[in-house]
Amino acid sequence: MARGRIRAKLRSGLYTFSCTSAPKKPVEFDELQGPGFSRVVPCNDPLLYKYRSNSTSTTKYNPLTFLPIALFEQFNRVANIYFLIAAILSVTPYGPYNPISAIAPLAFVVGLSMAKELLEDWKRFLQDWKVNTRPAYVHDGNGSFESKHWKDIKVGDVVKVERDKFFPADLLLLSSNYDDGICYVETMNLDGETNLKVKRALDVTLELDNDLAFQDFKATIKCEDPNPSLYTFVGNFEYDTKIYSLDPSQILLRDSKLRNTPYVYGVVIFTGHDTKVMQNSTRSPSKRSRIERKMDKIIYILFSLLVAISLISSLGFAYLTKNKMPDWWYLHAPDDKDLYNPDKPSKSGLYHLVTALILYGYLIPISLYVSIEIVKVLQAGFVNQDMHMFHEETGTPALARTSNLNEELGQVDTILSDKTGTLTCNQMDFLKCSIAGIPYGHRTNEVERAAVRRMSMDLDAEDFDHFSSGDSSIDEEVELETVVTSDNQEHKRPIKGFSFEDNRLTSGCWWKLPNPDLHHLFFRLLAVCHTAIPEENEETGGYTYEAESPDEGAFLIAAKEFGFEFFKRTQASLFVREKDPSSKEPVEREFKILNIMEFTSKRKRMTIIVRDEKGEIVLFCKGADTIIFDRLSEKGRTFEEATTKHLSDYGEGGLRTLVFAYKKLEEDEYSSWNDEFQKAKNSVSSNRDDMLEEISDKMERGLFLVGATAVEDKLQQGVPQCIDTLAQAGLKIWVLTGDKMETAINIGFSCSLLRQGMHQICISTKDMLANDSMQNTKSDILTQITDGSRMMKQEKDPDAAYALIIDGKALTYALDDELKHQFLHLAVGCASVICCRVSPKQKALVVRLVKEGTGKTTLAIGDGANDVGMIQEADIGIGISGVEGMQAVMSSDFAIAQFRYLERLLVVHGHWFYKRIAQMICYFFYKNVAFGLTLFYYEICTAFSGNSVYDDWYMILYNVAVTSLPVMSLGVLEQDVSSEICLEFPALYQQGPKNLFFGWYRIIGWICNGVYTSAAIFYLTMLIFTTQPFRGGGQTPDMSVVGATMFTCIVCAVNTQIALLLNHFTWIQHCFIWGSVIVWFAFLIIYGVILPETSTGSYQVFVETLAPTPIFWMTLFLVIIASVLPYFIHAAFLRSFYPEDHHIIQEIKYYKKHVHDRRMWRREKRKGRHSAKIGFSARVDAKMKQLKGRIQKKGAHLAPQEML
Amino acid sequence: MNSDGPSSTSGVGGSADLATPRRNSKRPKYSKFTQQELPACKPILTPGWVISSFLLVGIVFIPIGLASLLASRNVVELVDRYETACIPDGFKKDKVKFIQSDSNKTCNRNLRVKKDMKPPIYVYYQLDNFYQNHRRYVKSRSDQQLKSKNKENETDDCKPEATINGKAILPCGLIAWSLFNDTYSFSRSSQKLQVNKKDISWKSDRDHKFGKDVFPKNFQNRTVKGGATLNASIPLNKQEDLIVWMRTAALPTFRKLYGKIEVELKKGDVIQVTLENNYNTYSFNGKKKLVLSTTKWIGGKNDFIGIAYLTVGGLCFLLALSFGIIYFVKPRRLGDPTYLSWNRNPGGGSNN
C-alpha cells in the first residue's frame, strides 16, 4: 500500500476541519443498484436480514476440518508420503517387518507435527475468543444500551463506543458527544499510522446523541458489498424518507480505536469477516530457508540410493529365487502367494522390490522434519526470550513470527533497510532556527558531533602510532564506545523533541533582540500553524501533542519552550497561552480558525487563516523553502538572503528545514476570497480539488518571510554501532528511503554508511530533461551506470570504496529489464547503496532484483505499511515493532523493537542457528545412513530375502527414542563460541554466507562417514559373531544375539559420534546423549522380561546372554572406537593444521589467553573488522590513513579545530 | 488484521501510559536456559587430548587384543567335514538320491585329537549354505503354540507346515519341520564316550518359551519328511535339539550345539564317531561338519577379535606417534592468532 496516497486521501477529509462543511444534499435517485451494491442494512432492526456474525476466526482449522486438512498438509511432504505408502504396504504380506514398526514412527512423527499445529491453532483460537468476547454497548430496542459480547453484534445494531475502545465492527458514525458529530480515530492496526484521523457524522443524524434518542430510530443503509478497500466506501443512508449519500469519512473501521472523543454512536454495517480489516488480511507468503531446500535435494539423493539398493536386492533375490531356491527344500517353495516362486522370478522379484523399498526406508530419516520443526520452535523461543532484545521503553520483546527461517538468519548477505522509523526514530528534535535573518541555536547535531569526535580521535590515534599498536587500540575501543553510547547523556534536561540551546531565546528575554515583533510572530506561527491536537497529561500538568507529522510536534514543543503554549483546540478555535513580554504572566489567547489548507506532498506548504482577538485576520504559512520564497511579496523579502544562507548551512548538517511566513488580511479581501473558496468546496463537480487548489494558491501569495527552522531526524539508539558490527560481519547494507536525496545522504553519513573519501556515484534523472522521451532518459541512465562501472574497474587502490546513490525516478529505469543487470552489477560492487524517493513497490522490486540477481540471501527490515512489500519479498522480512503500528510486523518473519537488535539477531542467533541446523541435518543423514545400510548388508547374507537381523521394536525405537533427543540438543543448544565472542568477532558470521557448514563437501563427507560407520559396525560384528561359540558356555550366536549386539553398537556409536561433534556440553546434552544409551539398555532389559511371545528372540537376551559375555562388551568398544576413528582423525587433523576461525578463538578462550594477553585480543578484534568498507570503524581507518598521508607531507600536527 | 489489544502508541508524546501495566508481562523472564547461558564444558581437541586419547586407546586395546588372541589360540577345535565322505561310493554321483533313499546311512569316522582337550568338550554340527535366516524360513513358526498348550491352533504364520488334514501340526512351521536329524555317537578305544545332551539350550528358552505341558502332535506325518521326528511323549521343553534348532542362526553358515562330552581327551587319542547321515544338504551343496571344541572365556576359536583389537590399538599408537611427530615438526601454538582467516590472507576478501 502506498502510504503517500493514503495520507493524501485522509487529509483531503481535513478540508472540513474547521468550518462548515458541504451540506449533504438528499440524493434524488438511487444510484446504488446492480451488482456489488446489494447490502441493505435496516438500522436498529438487526434481525431483519441475516448477515455473517461478528465473531471472527483466524484459526486454520475447526474441530471438523482439523484432521483432514492437517493430515493433508503433513502428507504434502515427499518423505511423509513415502512413509505413508510404506506403512500401508507393510500391512500386506510384502512388508518386511511387523506393520507396527512402520506405522508407529509415522504416527508418532505425524502426530507430533499435528500436535504442534493444533497448539498453534489453539493459541489463535484463544486470541479470537478473547476478541470475540470483548464487551460492547449495544442498543437493546427501548432506548437503553446493554453490554454484549462482540460476537453477538449483528448488522443493523446501534452501538455506543467509548474513548480508547476499539470499534467492534465497521460502523456508520451517527453522532458523537461533540455537537458537530466529529470524532478522532487511530488506525494504527490498519495502516500503521499513529496520527489521528477525523471522522464526521452526517448532519441529519447529529441529534441522535443520547441513549434515549435511539428508541424510535429507524433508517436504512444501502451500500456496497464487503470488500477489502480501506479507503473507499459507497452507500446511501435512507432516513426520514430522504436519501443521503455516504462516504468513507463516516465509516469507523473495526480494529481502529476511538481517541480524544468521549463516546460515539454508530450503526453496524459490516460484521466479522465482512469487515474491511478482515477482508484485508492475507496470509503472508510461506518462505523456506535455503538449507531446507538443499535438504530436500539430499533427501532425493538418499531416495536414489534407496531405490538403487532396493533394485540390487530385488535383482539378487529374483536371481537366487530362480536358480537356487528350488534346491532349498527347507523353504518349501513355491508358496501360494508367489512371493517366493522360482517359476515366476520376475513376479516375486517385483514383490520383493516393494519389500526392499520399505525395509531400507531407514535411510530416509523419518523424524527429520518433525525434529527440525521442534528444534526451530525452541530456537524461536530463544529469540523471543532474549533479554538483550527486549526493549524496556516500549516493553516489546523480540518475536519470531515464523520459525521456518531461523538458520537463514545466519546466511544473510544483503540487508535492505527502510530509513524512517527503522534507522531513524521518526522523532524530530527542534535544533536551530533563524528568525528575521538571525541564526539561533548552538547545539550541533549528532552528525556534527560524531565528526568532531572522530577528528579528535583520529589525531589521538595518530599520536598513538608512536607507541605500540596494541596501546592505541585500547583507546580506540574506548572512544568508539563513548561515541556511540554517550549521545543522550549530554542533555542537561532532556526534553523530547527539543534540543535547542541558545540563551537568547530560551531565557525569555527575546524581546530585547532586534525585531521583537517578528520573533513574536515566529513563535506564534509555531504555535498556531498546524493541525495538531493537544492532550493534557494529568501527571505532569503539561501537554502532549497528537500531530500529523513529527515535525509539527517538535514545533509545538519548541513554541511551548519559548513561552507560547498551545493548549486547546475546538472546532472553531485554537487557544494559546502566551507569555507576554511586558507582564510576564501567561495570557490566554484565542485564535478563531477561518480556513485550513492542508499540507500535501504536492503543495509542500500548509496555510491557516485565523482571526485573532483584536479581530484581525492573519494568514500563517509554512512550507518548503523553494515554495515559500516564490510566494513572498517584495516587502517580505528583507531577510531572504540571510535565511537562504542559514538554510543551506542547516541542510549541510543533515537537518530538515521549513520556512515560515505570514500575511495580514483585510476583512473584505478575505470574505470575497472565502466566498469563492466555500463555493468551490461545496461544489460536487469532479474537478473540485483542482478548483480548491487554484483558489488556495491565489490566497497564498504576497507573503512576508519570518524565519526558518531546522529539525533533526533523530537516529535510533545504537544504529551506528549496529551498522558498524553488521558491516564488519561482511553484510552489505542498502538503504531504501522515501526521502529526498539530500536527506538520505545526510542520514547515510550519520550512520556511517557513507564517509568522506568514498567515491559517490549518484544516479538521477536530470530535471532539465523532463521533456525528453523515455528512451533518452533511459540511455542517459545507462551511461551513468556504465560510467560508474568503468570508474570502479579502473580503480587501482584496493582500499577505495564506492557508494551508489540513486533516486526513485532513475530507479524506475534502472529496474527495467534491459538495465537491471548492469545496475545490479554496479550496485554489488559498491560498499553501500542508498536509494532515495522509492515507492513501496520499488522497494519490493529492488529486493527482488538483489535476491534473484545475486542469488544470495536478502533481509529486508522496515517498520511501516510501505515496507510490507519488501518485507514479504525478501528471504527474511523483519518488522520493527515499535512506534508505527502493526502492518510491517504482521507481514514480517521476525519482529524486533529496534534496529540495533538486528546485530544480535543476526550475528549471535543467526550464526548459531545456521551452524546448529546445518550440523543437525548432516548428523541426521549420517545416523540414518549408518543404520539403514546395515540392513542392506545383512540382506546380502540372507539371500536377499528381505529379512532384518533386528527385532521390529529396535527399529521403531531407533529414530524415535534412542537417537532423537541428542540430535535435538545439538540443534537447540550447540554453541561454537559464546554470544559475546560472536559480537566481538563479527567476522565469524561469514561462515554462514559462505556456507561453510552445509556445502556439498560437508554433506557428502557426512554421508560417507555414515557409510563407513555402517560397514564398520556390520562387518566387525559379523566377523566376531561367526560360527564359533561366543561364550564359555559353548552356545553359538543366533540372530537375536547378533541383532541386539549390532544394534547396541549402532546406538552407542552414533551417540559417541554426536558427543564428538558437540562443542558445548551443558547438563542437558549430557543427559540426552548418555541418557539415550541408557534408555536403550533399559529398553533391552525391560523388553527382555515381558512376555516371551511378544519379545520372541529378544527374550532375556541382555540379562541372560549378552551382559555376562565378555565378547559382547569387547565388540561394543571395538566397534565404537572403529566407527568414530576416521571422523576423529579428520577433525583432529583439520583442527591442527587448517584451523577455522572459531577453533582459534575457542583455543584462546580455553587457555584464557584473552586474559593474559589483552593486547593480542584487542588487536585481533580490530583486525577481524578490517575488511569492512562502511561503518564507523571503517571511517576511522580511512581517516587514519588519510591523516597519516597528510602528516607525512606536512610533518606537523593539526589541532582538531583546524581540521573542522 | 485482528491483532489483540493496542500496541503501545507513542506518536509525539502519545499515550505511553497504556503500555505500562503490560510491560512486565511481556518481559522475558531471566533464566540461564532461555538466555543460553547454562554452564557448559567446552572440550576442544587440543594436540594433548588427541595424542593422549590415541595412546589411551592403544594402551587399552593392545593388551585386550593379546589376551583374546591368546585365549583363542588356547581353544582346541576338532573339525571333521563328512558330507562327502559319508556317501557310499556308488552314490557319489547322485548324492541327493542317496540321502532320499531308505538305505542305511550309518557312517564311521575317526578323529585324532591333536591337543589335550579339557572337559567340557562341546560337540557341534556345522551346516553351510543353509539359509536359516531366510525371511520365509524365519517367520515360519508360532511362539504361542510352542509355549502354551491351549494355543496349539495358532498356526497362521506356519504355512505351509501349519496343518495336516485340518489338524494343527505341533511344532508347526518350516523351522521345526526341517529339524536337523544327523546323530553322532562317540567312542574312544571302543569305550563309549557319553554325550550329555542336557542343558545345551538357553535356560530362558526351556523355562519360558517351550511349554512343559506341550507335546509334539501330528509332527512329520507327511509323506515328505523334512528332518527329525520328535518323541510325542516328551514335552517340548525337554526336546533340547529342537530348542537349539529353533534359535535361527544369523548367517548361512552356522554351528549348533549337539551335546557335551564330559571327559578329558588326550593328545593322540583316536575317537570313533558313528554317525547317522540323514540330513539333506546335498540338494544345495551344503557342507556338514562335526566339530568338537573346548571354550575359553572368549568362547570358541576366533582370532579375529584379537587381531582387530591389536590392529586398532596399533593404529592408534601409530596415529599418536605421527600426530606427535607432526606437532613436533610443524607445531601450531594453540590459540595462535596468526591462523585467523583475516591474518592468513591479508588484503583478501575485499568484497566480503
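These lines cover the structure that appears in this document, whether it is placed above or below. Treat the numbers as computed from the prediction; the structure is a model and nothing was measured.

**Comments concerning the overall build of chain A**
Turning to step 1, where the next piece is worked out: Each helix and strand in chain A was counted, giving 41 helices and 33 strands.
Turning to step 2, where the next piece is worked out: Scored against the burial criterion, the 1204 residues of chain A give a buried share of 61%.
Turning to step 3, where the next piece is worked out: Contacts spanning at least 24 positions in sequence make up 74% of the contacts within chain A whose residues lie at least 6 apart.
Turning to step 4, where the next piece is worked out: About 45,700 Å² of surface is accessible on chain A, with carbon and sulfur atoms providing 57% of the total.

**Some words on a nonpolar patch on the surface**
Turning to step 1, where the next piece is worked out: There is a patch of nonpolar side chains on the surface, built from Leu-315, Leu-318, Leu-321, Ile-325, Phe-328 and Val-329 of chain B and spanning about 670 Å² of accessible area.
Turning to step 2, where the next piece is worked out: One can find Ile-325 of chain B in helix α9 (residues 304-329).

**What about the pattern of salt bridges?**
Turning to step 1, where the next piece is worked out: Tallying each qualifying case throughout the model produces 56 salt bridges over all chains.
Turning to step 2, where the next piece is worked out: Among the ionic pairs, Glu-552 of chain A bridges to Lys-622 of chain A, the shortest N-O distance being 3.1 Å. You can see Glu-552 of chain A sitting in helix α14 (residues 550-561) and its partner Lys-622 of chain A sitting in strand β24 (residues 617-623), a full 70 residues away along the chain. The same class applies to Glu-552 of chain A as to Lys-622 of chain A, namely buried.
Turning to step 3, where the next piece is worked out: Of the charged contacts in the structure, one is a salt bridge between Asp-207 of chain B and Lys-203 of chain B, with a shortest N-O distance of 2.8 Å. Here Asp-207 of chain B pairs with Lys-203 of chain B, and both are found in helix α7 (residues 203-209), just 4 residues apart, close to one helical turn.
Turning to step 4, where the next piece is worked out: What emerges from the salt-bridge pattern is a single network uniting Arg-605, Arg-631, Glu-693, Asp-697, Glu-700 and Arg-701 of chain A.

**Points about the sheet that holds strand β15 (residues 412-418) of chain A**
Residue and element names in this part refer to chain A.
Turning to step 1, where the next piece is worked out: Spatially, the 9 strands line up as an open sheet ordered β14-β33-β32-β31-β15-β27-β30-β29-β28, and their pairing is mixed. Strands at the two margins of the open sheet, each flanked by one partner only, are β14 (399-400) and β28 (759-763).
Turning to step 2, where the next piece is worked out: Where helix α23 (residues 820-829) meets the sheet, it contacts β27 (732-736), β28, β29 (802-807) and β30 (832-836), and its direction lies at approximately 135° from that of β29.

**With respect to the state of the cysteines**
Residue and element names in this part refer to chain B.
Turning to step 1, where the next piece is worked out: On inspection of all chains with the given rule, the structure shows 2 disulfides over all chains.
Turning to step 2, where the next piece is worked out: Here Cys-86 connects covalently by a disulfide to Cys-107, the sulfurs 2.0 Å from one another. Around the S-S axis, the bridge from Cys-86 to Cys-107 shows a dihedral of about -75° and counts as left-handed. Here Cys-107 lies in strand β2 (residues 106-112) and Cys-86 lies in the loop between β1 (77-81) and α3 (95-100), a separation of 21 residues in the sequence. Just as Cys-86 is buried, Cys-107 falls in that class too.
Turning to step 3, where the next piece is worked out: Linked covalently through their sulfurs, Cys-158 and Cys-172 form a disulfide whose S-S length is 1.9 Å.

**A closer look at the environment of Ile-1085 of chain A**
Residue and element names in this part refer to chain A.
Turning to step 1, where the next piece is worked out: Along the chain, Ile-1085 falls in helix α33 (residues 1067-1089).
Turning to step 2, where the next piece is worked out: Relative accessible area serves as the criterion here: at 34%, Ile-1085 is assigned to the partly exposed category.
Turning to step 3, where the next piece is worked out: The spacing of Ile-1085 and Trp-122 is 963 residues in sequence and 40 Å in space, taken between C-alpha atoms.
Turning to step 4, where the next piece is worked out: Beyond its immediate sequence surroundings of up to four residues, Ile-1085 is in contact with Phe-1102 and Val-1103.

**Some points on the nonpolar core**
Turning to step 1, where the next piece is worked out: Grouped together as the largest cluster of nonpolar side chains are 142 residues, with contacts concentrated most on Ile-364, Phe-925, Tyr-950, Tyr-954, Phe-998 and Trp-1080 of chain A together with Phe-54 of chain B.
Turning to step 2, where the next piece is worked out: Ranked by the residues each element gives to this core, the list is headed by helix α27 (residues 901-941) of chain A, at 19 residues.
Turning to step 3, where the next piece is worked out: In contact with Phe-54 of chain B, not counting residues within four places along its chain, are Leu-1125, Phe-1128 and Ile-1129 of chain A together with Cys-316, Leu-319, Ala-320 and Phe-323 of chain B.
Turning to step 4, where the next piece is worked out: Formed by 79 residues, the second largest nonpolar core is a distinct cluster that contains Tyr-440, Phe-555, Ile-557 and Met-597 of chain A.

**Comments concerning the interface of chain A and chain B**
Turning to step 1, where the next piece is worked out: Across the contact, 149 residues belong to chain A and 124 residues belong to chain B.
Turning to step 2, where the next piece is worked out: Buried area between chain A and chain B, summed over both chains or domains, comes out near 11,900 Å², and the portion from carbon and sulfur atoms is 60%.
Turning to step 3, where the next piece is worked out: Sorting the residues of chain A by area buried against chain B places Trp-329, Tyr-330 and Phe-1137 of chain A first, and these three jointly supply 7% of that buried surface.
Turning to step 4, where the next piece is worked out: At the boundary of chain A with chain B, the tally comes to 2 salt bridges.

**Notes on the pairing of strand β18 (residues 533-536) of chain A**
Residue and element names in this part refer to chain A.
Turning to step 1, where the next piece is worked out: Pairing analysis gives 4 bridges linking β18 to strand β19 (residues 543-546), with the strands arranged antiparallel. When the sheet's bridge partners are listed, Pro-534 is paired in β19 with Tyr-545.
Turning to step 2, where the next piece is worked out: Between β18 and β19, which pair antiparallel and follow one another directly, the connecting turn spans 6 residues, one of which, Gly-541, has a positive phi of 80°.

**What about the side chain of Thr-396 of chain A?**
All names here are of chain A.
Turning to step 1, where the next piece is worked out: Secondary-structure assignment places Thr-396 in the loop between α9 (368-385) and β14.
Turning to step 2, where the next piece is worked out: Looking at Thr-396, its side chain comes within polar contact range of the side chain of Thr-394, at 2.5 Å.
Turning to step 3, where the next piece is worked out: Ignoring anything within four residues of it in the chain, the contact list for Thr-396 reads Met-389, Phe-390, His-391, Ser-881 and Ala-897.

**Structural notes on the packing of aromatic side chains**
Turning to step 1, where the next piece is worked out: Per the stated rule, a full pass over the model turns up 90 aromatic pairs over all chains.
Turning to step 2, where the next piece is worked out: Seen from their ring centres, Tyr-954 of chain A and Trp-1080 of chain A are 5.0 Å apart, and the 90° between their planes marks the pair as edge-to-face. Placement of the pair is Tyr-954 of chain A in helix α28 (residues 952-962) and Trp-1080 of chain A in helix α33, with a sequence separation of 126 residues.
Turning to step 3, where the next piece is worked out: On the basis of relative accessibility, which here comes to 0%, the residue Trp-1080 of chain A falls in the buried class.
Turning to step 4, where the next piece is worked out: Taking 6.1 Å as the distance between ring centres and 85° as the angle between the ring planes, the aromatic pair formed by Tyr-82 of chain B and Tyr-184 of chain B counts as edge-to-face. Of the two residues, Tyr-82 of chain B sits in the loop between β1 and α3 while Tyr-184 of chain B sits in strand β6 (residues 183-188), which places them 102 residues apart along the sequence.
Turning to step 5, where the next piece is worked out: One cation-aromatic arrangement involves Lys-160 of chain A over Tyr-263 of chain A; the distance from NZ or CZ to the ring centre is 4.9 Å.
Turning to step 6, where the next piece is worked out: The positively charged end of Arg-577 of chain A is found above the aromatic ring belonging to Phe-567 of chain A, 4.2 Å away from the centroid.

**Structural notes on the packing of helix α21 (residues 774-794) of chain A against α23 of chain A**
All names here are of chain A.
Turning to step 1, where the next piece is worked out: Between α21 and α23, the shortest axis-to-axis distance is 10 Å and the interhelical angle comes to 40°. Accordingly, the angle class assigned to the pair α21 and α23 is oblique. Pair α21 / α23 crosses with left-handed handedness. For the pair α21 and α23, contact is made by Leu-782, Ile-785, Gly-788, Ser-789 and Met-792 and by Gln-822, Phe-823, His-825, Leu-826 and Gly-829, respectively.
Turning to step 2, where the next piece is worked out: Classifying every residue of the contact of α21 with α23 by side-chain character gives 5 nonpolar, 5 polar and no charged.

Conventions adopted
- Residues numbered from 1 in each chain as written.
- Chains lettered and ligands numbered in written order.
- Predicted model: local features only at pLDDT ≥ 70, side-chain atom pairs only at ≥ 80, totals over all residues.
- Heavy atoms only, no water.
- Helix = DSSP H or I, 4+ residues; strand = E, 2+ residues; numbered from the N terminus.
- Buried < 20%, exposed > 50% of the residue type's maximum accessible area, 1.4 Å probe, protein only.
- Contact = heavy atoms within 4.5 Å.
- Areas by Shrake-Rupley, 256 points an atom, 1.4 Å probe, with all protein chains shown as cover.
- Patch = residues over 30% accessible without salt bridge, like charges linked within 9 Å, V, L, I, M, F, W, Y side chains within 5 Å.
- Salt bridge = Lys/Arg side-chain N within 4 Å of Asp/Glu carboxyl O.
- Pairing = 2+ DSSP bridges.
- Axes fitted to C-alpha atoms, helices over the stretch in contact; angles between N-to-C directions.
- Disulfide = S-S within 2.5 Å.
- Core = buried A, V, L, I, M, F, W, Y, C linked by side-chain atoms within 4.5 Å.
- Buried area = accessible area lost by both parts, 1.4 Å probe.
- Polar contact = N/O pair within 3.5 Å; in protein donor to acceptor, adjacent residues only side chain to side chain.
- Phe/Tyr/Trp six-rings, centres within 6.5 Å; stacked < 30°, edge-to-face > 60°.
- Lys NZ or Arg CZ within 6 Å of the ring centre and 35° of its normal.
- Parallel < 35°, antiparallel > 145°, perpendicular 65-115°, else oblique.
- Left-handed = near helix turned anticlockwise from the far one by under 90°.
- Nonpolar A, V, L, I, M, F, W, Y, C, P; charged D, E, K, R; others polar.

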